[in-house]
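Fold and geometry: a report
Listed below, chain by chain, are the residues.
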Amino acid sequence: MTPTTPGTTRVELAIGGMTCASCAARIEKKLNRMEGVEATVNYATEKAGVTFADGVSVDDLIATVEATGYSAQPPPRPGHGAPADGPAEDDRAGDELRSLRERLVTAVALAVPVIAMAMVPALQFDYWQWLSLTLAAPVVTYAAWPFHRAAWTNARHGAATMDTLISVGTSAAFLWSLWALFFGTAGMPGMTHPFSFTITRGDGSGNIYLEAAAGVTAFILAGRYFEARSKRKAGAALKALMELGAKEVTVLREGRELTLPTSALNVGDRFLVRPGEKIATDGTVIEGASAVDVSMLTGESVPVEVSPGDSVTGATLNAGGRLVVEATRVGADTQLARMAELVEEAQSGKAAAQRLADRISAVFVPVVIGLALATLGFWLGSGAGLTAAFTAAVAVLIIACPCALGLATPTALLVGTGRGAQLGILIKGPEVLETTRRVDTIVLDKTGTVTTGRMTLLAVRTAGATREDEVLRLAGALEHASEHPIARAVATGAAAAVGPLPTPEDFAALPGLGVQGVVDGHAVLVGREKLLTEWAMELPEELKDAKDQAEKAGRTVIAVAWDGEARALIEVADAVKETSAEAVRRLRRLGLTPILLTGDNHAVAASVAAEVGIDEVVAEVMPQDKADVVKRLQAEGRSVAMVGDGVNDAAALAQADLGLAMGTGTDAAIEAGDLTLVRGDLRAAADAIRLSRRTLSTIRSNLFWAFGYNVAALPLAAAGLLNPMIAGAAMALSSVFVVGNSLRLRGFRAMD
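Residues numbered from 1 in each chain as written. Predicted model: local features only at pLDDT ≥ 70, side-chain atom pairs only at ≥ 80, totals over all residues. Heavy atoms only, no water.

- The name given to the protein in an unreviewed UniProt entry is Heavy metal translocating P-type ATPase, and the organism recorded there is Streptomyces argenteolus.
- The protein has a UniProt comment under Sequence similarities (unreviewed entry) that states "Belongs to the cation transport ATPase (P-type) (TC 3.A.3) family. Type IB subfamily." (UniProt positions renumbered as here; feature names shortened; annotations may be inferred.)

1. Notes on the sheet that holds strand β11 (residues 304–306)
- Strands sit in the order β11-β10-β13 across an open sheet of three strands; the sheet is antiparallel. Unpaired on one side and paired on the other, β11 and β13 (317–318) mark the two borders of the sheet.
- Relative to β13, strand β10 (residues 290–293) is paired through two bridges, and the arrangement is antiparallel. Bridge pairing links D293 to L317 in β13. (Pairing = 2+ DSSP bridges. Helix = DSSP H or I, 4+ residues; strand = E, 2+ residues; numbered from the N terminus.)

2. Some remarks on the pairing of β10
- Pairing of β10 with β11 involves three bridges; the strand directions are antiparallel. Residue pairing for β11: A291 is matched across the bridge by E305.

3. Focus: the confidence of the model for the protein
- On average, residues of the protein score 79 in pLDDT, and 80% of them are at 70 or above.
- The model gives residues 349–354 a pLDDT under 50, and that stretch makes 17 contacts with residues more than four places away or in other chains. (pLDDT = per-residue confidence, 0-100. Contact = heavy atoms within 4.5 Å.)

4. Description of unusual backbone geometry
- Unusually for a residue other than glycine, A315 sits at a positive phi of about 80°.
- On the secondary structure map, A315 appears in the loop between β12 (311–312) and β13.
- The residue D520 is not glycine, and still its phi comes out positive at about 50°.
- Looking at the element boundaries, D520 is found in the loop between β19 (514–519) and β20 (522–527).

5. Notes on the UniProt feature "transmembrane region" (unreviewed entry) in the protein
- Under the present numbering, the feature "transmembrane region" (unreviewed entry) in UniProt falls on residues 104–121, 127–145, 165–188, 208–226, 360–380, 386–409, 702–719 and 725–743.
- Helix makes up 89% of residues 127–145 and strand 0%. Its end C-alpha atoms lie 27 Å apart.
- Across residues 165–188 one finds 75% helix and 0% strand; the C-alpha atoms that close the span lie 31 Å apart.

6. Structural notes on the pattern of salt bridges
- This model, assessed by the stated rule, comprises 24 salt bridges.
- Measuring nitrogen to oxygen at the nearest pair gives 2.9 Å for the salt bridge that ties D269 to R253. Linking D269 in the loop between β7 (256–261) and β8 (270–273) with R253 in strand β6 (residues 248–253), this pair joins segments that are 16 residues apart in sequence.
- For D269, a relative accessible area of 13% puts it in the buried group.
- Within this structure, E582, R585, R586 and R589 form a network of salt bridges that share partners. (Salt bridge = Lys/Arg side-chain N within 4 Å of Asp/Glu carboxyl O. Buried < 20%, exposed > 50% of the residue type's maximum accessible area, 1.4 Å probe, protein only.)

7. Some thoughts on the sheet that holds β7
- Taken together, six strands build an open sheet; the order of strands is β7-β6-β8-β14-β9-β12 and the sheet is antiparallel. The sheet terminates laterally at β7 and β12, the two strands that pair on one side only.
- Bridging between β8 and strand β14 (residues 323–329) involves four bridges; their strand directions are antiparallel. When the sheet's bridge partners are listed, F271 is paired in β14 with V325.

Structure representation (structure tokens):
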């Protein structure tokens, strides 16, 4: 629990038992009816964010949720002594997934022979119907139990969802088959499904519908299982964030070095950070100087030089010298922990897309049940007899059983995600797809998304008769001996251009300035202009002009001098990916407005934006500001997609209506996103949105035809003219159509 405004408290409740988005809406409605309570329930993360006044307790909130038919418990919060999902919650999620998998395997193994016997006349041996009953009974009872339980919960609260339709339809088909087998003529030896395609009225005593009951259960369990597997990862972004920090720290106490877990750190402790180690927590540098790679948290591509008195952030990487740091914030107060909280709040606050089938079912289910009751009443009133009346009424429920509907979403999603995987696009679940249709603005992180995310040697500017290869040979040899990230970029670029580099003599690193040494008999200086000034050397006018132009373009400039004379400049920067400009053009063709968002300075951001064709730039933003920028765009009425790859993008990815994470980025960003672009190519973002829109369109057309079949057949059932062979054939054909329509997604191609 965390305090918010005076007199109120906020708590995150883990909600159990939800099966669809309408469940989340019902819990949210009940909680908000409590005096002094404001609640948001997220079906995807299975959590409720609740702010409540002093007169309300957590027990009251849990009691309200339980009275609604679901379970609730306050989970441990990140940064408060536990990871985002504790072991108990992981075990519970694992048990639920295992149970669902067992039910699915049971349903598939038993339903396949039942469907085969019903549809293939050659398999209808004497007493085949009794074998069908034996196989179908566990499917309709054990495997379908989650649907029956959810339908009962819905009924107690006056609601209807897909679960209600599945439960009512499968139960009606199974119970009628029992009646026909034990009290009708369906149990007689030699019974077969007739193949007469004429529409005739009958009493139904010779008809069984076990294949419909078993098949629908198996199909929809398959969809639920794959959805549950995807949902289980919803909280992994918080875990990935918290795991980024250092696990152990070397603390300096009473002149000794002690290795302790980071959780044992206290404010005021001094700890040692060696080159290549992560800084354990937020603090202030006491001794030493180094370059710190902060791109993970801030998106700033150029390493930050730190010296005594400068602040450093936990989980950033010490890329240079030895540091002694005094801890100023630990545990839940660190920037990393606050970022985790930002991600959690963004996920909890983003309403999950209502599943299309549930929205339609909310109307369709009551109508079907009402029509079945009306059919029963009409035929009883007309004197047709009890058997005929019940035959017609149950036929209405059976024909409404959503066989094709159960295939509509899973098959399209299966084919769409499979094709996406071939193209380097991972779609996390069906809830993601609705958002892609509405998106009109796409926010692009700069570092690692539009650019390569690493410093690269871009140009060499020489003065007088100095040769470029000579500059690279001497400067590259000296920088090769340094651990600084910019030095590594120069050394790598030089080695690629001129080949093997000589070994320097008398090498010395000058913190905050550069390096010096002797290479091939030349006394060489490489670093900032200030380093040359200290040795009484000035840049020639032509190099001064080149330096000004390069810095205006957002590049980092390194001066090179040897034998007492300034001779060249080397320009390094985070290079733009070759495909980024084309990607921006493709996104514009999809009707999206691109915006560049970065923690880098305005000069760098403007240069990159101009190169790739982006007009709007937001620069020099911290992680929390990135999420705020997305919120501001949403407040303007825009539907926002966000593309990012770093920890600093996780909160914004979670806040955005659609989060696209680069697969080459951090786990935290990937888990916070809705779509993952495996290739690390920004062009895949355009393909991902096109594929998602195409998959959603396929799901919609599947649902239209699936419900269309039900609606068209209902009048025949109500009129008592439902021939079982026509019903079975129509149901099979509707399912074949849905599968065939989904398979068209295999032909999806990336943009030329």
